Amino acid sequence: MKNKLPSDFQSFHLRISGKVQGVFFRASAKRKADALGVRGWIRNTEDDGVESKVSGEVAAVSEFIEWCKKGPALAVVTEVLVEPCADPPMDKFTILDTHGEDKMPAST
């Protein structure tokens, strides 16, 4: 039997542009996501941007998206495109490499 998601649960696909690579954007986003309890992933894109899928309670996801509009101190975010998505939620927030591979494999 599948677990039913709470009614205040939402998922979004984000595309973040600007000076967002080489400024600890992904690591900072993971810390923020973990603190907020949101799930999903984040990765660099080949066009020098960052892409993320994020799922969680409305307030937490909204706060994560707002954080992405500024990013860490060294980032210069010029645009954040936000689109709703229907992807099933992950069980944690993960940093992926550009090709979608988990950069932080599960510890054994």
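Conventions and cut-offs
- Residues numbered from 1 in each chain as written.
- Predicted model: local features only at pLDDT ≥ 70, side-chain atom pairs only at ≥ 80, totals over all residues.
- Heavy atoms only, no water.
- Pairing = 2+ DSSP bridges.
- Helix = DSSP H or I, 4+ residues; strand = E, 2+ residues; numbered from the N terminus.
- Axes fitted to C-alpha atoms, helices over the stretch in contact; angles between N-to-C directions.
- Contact = heavy atoms within 4.5 Å.

Caption draft 1: Molecular detail of the pairing of strand β1 (residues 9-19). Direction of pairing for β1 relative to strand β3 (residues 50-57): antiparallel, over a ladder of eight bridges. Looking at β3, one finds that His-13 is bridged to Lys-53. Bridge count for β1 against strand β4 (residues 76-84) is eight bridges, and the pairing is antiparallel. When the bridges of β4 are listed, Ser-17 appears paired with Glu-79.

Caption draft 2: How the structure looks around the sheet that holds β1. The strand order β4-β1-β3-β2-β5 describes an open sheet built from five strands, whose pairing is mixed. Pairing within the sheet leaves two strands with one partner each, and these edge strands are β4 and β5 (93-95). Each strand axis lies, on average, 20 degrees off the axis of its neighbour in the sheet, ignoring direction. Along the sheet, helix α1 (residues 25-36) makes contact with β1, β2 (39-44), β3, β4 and β5, crossing β5 at roughly 170 degrees.

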